[in-house]
Amino acid sequence: MNEHKKLTNEVGAPVADNENSITAGPRGPVVMQDVWLMEKMAHFNREVIPERRMHAKGWGAYGKFTVTHDISQYTRAKVLQPGTETELFLRFSTVAGERGAADCERDIRGVAVKFYTEEGNWDLVGNNTPTFFIRDVHNFSDLNRAVKRDPHTGRRSAQNNWDFWTLLPECFHQITVVMSDRGIPASFRNMHFFGEHTFSFYNDKNQRFWCKFHFKTKQGIKNFSNEEAARINGMDREYHGKDLFDAIERGDFPKWTMYVQIMTEEQAKNHYENPFDITKIWRHAEYPLIEVGELELNRNPENYFAEVEQSAFTPAHVVPGIGFSPDRFLQGRLFSYGDAQRYRLGVNYNHIPVNRAKVEVNEYHRDGAMRADGNYGGAPAYSPNSYGAWTAQPEVMEPPLDLEGAMYRYDPKDDPTDDCFRAGGDLWRVLTEEKKQILIENTAGDMASVTENIKYRHAVHCYLADPEYGERFTEAAGLCMDKVKELSKLDNNGLIQATLSSTMQSNHD
Ligand code: HEM
């Protein structure tokens, strides 16, 4: 707190009066020479920065990650060695809503963690669901346009949302999760989160393993119904942010246990479906969860804008021992985040304290807007050079990865092992009767304003996942079961053709 600081202008000169403009006479106009007034107004006009294109509404906290178990046989990353404790910053977010949106909306939740490791920053940028809607980067901007505002009305549109989701059958599993009771967590503290993608580990013998990251809440899972969420949104749009902040203030530090799933390169080659497809899960019975450590949040930021709004995470930030995978969706993300942040915050965004690594940084980038440090003084600006500056560190080189096949635009749906409905069906079959009913009611309610052709498309997907799922959704949505069964005999393209608005009578005509 700065209670006793005296007011100055932007270059430290004292300000004499911060209430009364300089006017020409006691009742006259303001004069240009009130330069403090000009400075104040000009700064105010520039206080807004672009919000994140998605995940705009969010809350953050600092904490630590402690490794309790030994997974050094899989990774040499120092942050994952037994006993290591690492400081971190974590930001929770919703996806579709803008910066001013209410917290308790039905949506997935983003969970981005920045581990300030002794080998540089590692960012794990995940969600509270184990898989994602889509699997090709090409579809990502379209997904966000479909869930965000309609260009004609300026409003969110269930019609756009469901039209897009149902035209890409790989969305089905994630739709089932979002429409289930888990679609509105009661708090950030009461949800699990996941890295979702397949990443890689490599150990000190340079052996590679594929891995997935899971964080299980120690607070237990709790969710809100639509009715509870509507009531809370009406009272407090910042409910989840307040819950997190208050828990940390009162010393009730939320905790998650980190687990990994491990798949060998050999297992991946023989897996029954593409292990690098983000819309697929690895079954726990086949690839059990291996405990790694505990993540705790224990300190609130001092300033929301400086620390939460200006935080910037990217899956491209990994440390030795942790790497990427052939997941085409992950590959796209490796470009997207840094690019977004150079636009949103500027090219030197990693100099902002919340983003800055705790170790010495020697990336030898020069200049750029808002360069506020010594800019590497007179050190050589080029490499190689004859002065031994900026030498690379080959000891951290990843093992080579064999790839196979010709370069082409492959459609995953042409892969005979691809099944977009298996995981959603498996999920349906493990839900209790009460949760099945919630899922059906949420889905039918969410689709209430959507045209019938799109409802049929979704009903067919539910039916293909599990006949009971299909029958119950069909009934709740007031559709004809015979028609759903008939449509379910078509292949994906046939179903799309048969359910275009022009080919099917809509209930909104
Ligand atoms: C190709 C697919 C994707 C692209 C191109 C993409 C792109 C982006 C971009 C541009 C941002 C805003 C970054 C910023 O302004 O700082 C963002 C935020 C975010 N994305 Fe993605 N995203 C993709 C998929 C995913 C997936 C699969 C996940 C979860 C596993 C995810 C989790 C997040 C989270 C948590 C944030 C908010 C980060 C924060 O709190 O600052 N995204 N994404």
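Predicted model, so just to flag it, every value in this text is computed and none were measured.

1. Details of the overall build of the protein
Point 1. Broken down by element type, the protein carries 15 helices and 10 strands.
Point 2. Along the first, second and third principal axes, the C-alpha atoms of the protein reach 80 × 70 × 45 Å.
Point 3. Across the 509 residues in the protein, those meeting the buried criterion constitute 49%.
Point 4. When the accessible area of the protein is evaluated, it comes to approximately 26,000 Å², of which 52% is carbon and sulfur surface.
Point 5. Taken as two groups, the 59 positive and 74 negative side-chain charges of the protein have centres that lie 2 Å from each other.

2. Digging into the state of the cysteines
Point 1. By the definition in use, this model includes 0 disulfides.
Point 2. You can see Cys-171 has no disulfide; the closest cysteine sulfur is in Cys-420, sitting 8.9 Å from it.
Point 3. We note that Cys-462 lacks a disulfide partner, and the nearest cysteine sulfur, in Cys-171, lies 13 Å from it.
Point 4. Owing to a relative accessible area of 0%, Cys-462 belongs among the buried residues under this scheme.

3. Let's talk about the pattern of salt bridges
Point 1. According to the stated counting rule, one finds 34 salt bridges in the structure shown.
Point 2. Glu-265 is the partner of Arg-208 in a salt bridge, and the nearest nitrogen-oxygen pair spans 3.5 Å. Here Glu-265 lies in helix H7 (residues 265-270) and Arg-208 lies in strand S7 (residues 208-217), a separation of 57 residues in the sequence.
Point 3. Take Arg-208: its relative accessible area is 7%, and that puts it in the buried class.
Point 4. Each of Arg-135, Glu-170, Asp-277, Lys-280 and Asp-418 takes part in salt bridges that share partners, so that together they form one network.

4. Concerning the UniProt feature "domain: Catalase core" (unreviewed entry) in the protein
Point 1. Here the UniProt-annotated "domain: Catalase core" (unreviewed entry) positions come out as residues 8-391.
Point 2. Helix makes up 23% of residues 8-391 and strand makes up 20%, while its end C-alpha atoms are separated by 45 Å.

5. Looking at the coordination of the iron atom of the ligand
Point 1. Within the protein, a single donor atom binds the iron atom of the ligand, namely Tyr-337 (OH) at 1.8 Å.
Point 2. With respect to the secondary-structure elements, Tyr-337 resides in helix H9 (residues 328-344).

6. Quick notes on the nonpolar core
Point 1. Ranked by internal contacts, the top residues of the largest apolar core, which has 45 residues, are Phe-133, Ile-134 and Trp-165.
Point 2. Breaking this core down by element, the ones donating at least two residues are helix H2 (140-147), helix H3 (158-167), helix H4 (172-179), helix H11 (433-446), helix H12 (452-465), helix H13 (467-476) and helix H14 (481-487).
Point 3. Broken down by element, the residue count for this core peaks at 7 residues, all from H12.
Point 4. Judged by nonpolar contacts, the second largest core, of 39 residues, contains Val-113, Phe-215, Ile-248 and Ile-262.

7. What to know about H4
Point 1. The element H4 is extensively covered by neighbouring structure, given that 8 of its 8 residues are classed as buried.
Point 2. Among the residues making up H4, those that are buried are Phe-172, His-173, Gln-174, Ile-175, Thr-176, Val-177, Val-178 and Met-179.
Point 3. Buried positions along H4 lie against H3, helix H10 (422-430), H11, H12 and H13.

8. Side note on the environment of Lys-413
Point 1. Examined against the element boundaries, Lys-413 turns out to sit in the loop between H9 and H10.
Point 2. Separated by 407 residues in the primary sequence, Lys-413 and Lys-6 place their C-alpha atoms 66 Å from one another.

9. Quick look at the site of the ligand
Point 1. Close to the ligand lie 25 residues; Arg-52, Arg-91, Tyr-337, Gln-341 and Arg-344 are nearest.
Point 2. A distance of 2.7 Å separates an oxygen atom of the ligand from a polar atom in the side chain of Arg-52.
Point 3. Contact distances for the ligand include 2.8 Å between an oxygen atom and a side-chain N or O atom of Arg-344.
Point 4. Listing elements by their share of the shell around the ligand, those giving two or more residues are strand S3 (109-117), strand S4 (120-127) and H9.
Point 5. Broken down by element, the residue count for the shell around the ligand peaks at 7 residues, all from H9.
Point 6. Counted by class, the shell around the ligand contains 12 nonpolar, 8 polar and 5 charged residues.

10. Side note on the side chain of Lys-212
Point 1. Here Lys-212 shows up in strand S7.
Point 2. Of the side chains with opposite charge, Asp-327 comes closest to the buried, unpaired Lys-212, at an N-O distance of 6.4 Å.
Point 3. Side chain to side chain, Lys-212 and Thr-198 meet in a polar contact 3.4 Å long.
Point 4. Apart from the residues lying within four places of it in its own chain, the contact partners of Lys-212 are Glu-196, His-197, Thr-198, Tyr-259, Val-260, Gln-261, Lys-280 and Trp-282.

What counts and how
Position labels on residues start from 1 in each chain and follow its written sequence. It should be noted that, the model being predicted, local features are given only for residues of pLDDT at least 70 and side-chain atom pairs only at 80 or more, the latter also being counted only at that level, while totals for whole chains, interfaces and linings use all residues. Only heavy atoms go into the side-chain values, all of them from the structure, while hydrogens and water stay out. A run of H or I in DSSP becomes a helix once it reaches four residues, and a run of E becomes a strand once it reaches two; helices and strands are each numbered from the N terminus. For every residue, the accessible area obtained with a 1.4 Å probe (protein chains only) is divided by the maximum for its type, and the residue is called buried under 20%, exposed over 50%, and partly exposed between those limits. Residue exposure ignores everything except the shown protein chains as possible cover, and the areas themselves are Shrake-Rupley values with a 1.4 Å probe. In this tally, Asp and Glu contribute negative charge and Lys and Arg positive charge; neither His nor the terminal groups of the chain are included. For the purpose of locating charges, the reference atoms are NZ of Lys, CZ of Arg, CG of Asp and CD of Glu. Counting rule for disulfides: a pair of cysteine sulfur atoms within 2.5 Å. Counted as salt bridges are all cases of a side-chain nitrogen of Lys or Arg within 4 Å of a carboxyl oxygen of Asp or Glu. UniProt positions are given in the numbering used here, feature names are shortened, and annotations may be inferred rather than shown by experiment. Donor criterion used throughout: N, O or S atom within 2.8 Å of the metal, extended to 3.2 Å for Na, K and Ca. Water excluded; incomplete-looking sites may result. By convention a nonpolar core is built from buried Ala, Val, Leu, Ile, Met, Phe, Trp, Tyr and Cys residues, the set being connected through side-chain atoms within 4.5 Å. Residue contacts are defined here by distance: any two heavy atoms, one from each residue, within 4.5 Å place the two residues in contact. Throughout, near means a residue has at least one heavy atom within 4 Å of the molecule or strand. Polar contact is defined as a pair of N or O atoms within 3.5 Å, subject to the rule that within protein one atom must be able to donate a hydrogen and the other to accept it, and that residues adjacent in sequence are counted only when both atoms are side-chain atoms. In the scheme used here, Gly and all other residues not listed as nonpolar or charged are polar, with Ala, Val, Leu, Ile, Met, Phe, Trp, Tyr, Cys and Pro taken as nonpolar and Asp, Glu, Lys and Arg as charged.

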